[in-house]
Amino acid sequence: MLNWSGCSHQKVNRRKIELTEPIKTPGRYPVLIRLYPGIQVEITVDVEAN
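These remarks concern the structure in this document. Keep in mind it's a predicted model, so treat the numbers as computed, not measured.

## Notes on the overall build of the protein
What the protein contains, in helices and strands, is zero helices and three strands. In the protein, the succession of helices and strands from N to C terminus is β-β-β. By residue count, 8% of the 50 residues in the protein fall in the buried class. For the protein, long-range pairs separated by at least 24 residues make up 7% of all intrachain contacts whose partners lie at least 6 apart in sequence. Summed over its atoms, the accessible surface of the protein is roughly 4600 Å², and 50% of this surface lies on carbon and sulfur atoms.

## Focus on the pattern of salt bridges
Tallied over the full model, the rule gives two salt bridges. We note a salt bridge from arginine 34 to glutamate 18, for which the minimum N-O separation is 2.5 Å. Taken as a pair, arginine 34 in strand β2 (residues 27–36) and glutamate 18 in strand β1 (residues 17–19) lie far apart in primary sequence, 16 residues in all. With a relative accessible area of 35%, glutamate 18 lands in the partly exposed category. Between arginine 28 and aspartate 46 there is a salt bridge, with its nearest N and O atoms 3.1 Å apart. Taken as a pair, arginine 28 in strand β2 and aspartate 46 in strand β3 (residues 39–47) lie far apart in primary sequence, 18 residues in all. The exposure class assigned to arginine 28 is exposed, which follows from its relative accessible area of 63%.

Calculation criteria
- Residues numbered from 1 in each chain as written.
- Predicted model: local features only at pLDDT ≥ 70, side-chain atom pairs only at ≥ 80, totals over all residues.
- Heavy atoms only, no water.
- Helix = DSSP H or I, 4+ residues; strand = E, 2+ residues; numbered from the N terminus.
- Buried < 20%, exposed > 50% of the residue type's maximum accessible area, 1.4 Å probe, protein only.
- Contact = heavy atoms within 4.5 Å.
- Areas by Shrake-Rupley, 256 points an atom, 1.4 Å probe, with all protein chains shown as cover.
- Salt bridge = Lys/Arg side-chain N within 4 Å of Asp/Glu carboxyl O.

Here it is in structure tokens:
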């Protein structure tokens, strides 16, 4: 599940998430999410090490 700031949790099918490169290390990554045909959003994912 993804946690949208200010919203409740929303389930997104993993097949609708597009990564430009595999996430293997901490950092910031752009992620494209195709919600419906013709509707998409690009977010930035911050990956932190424990």
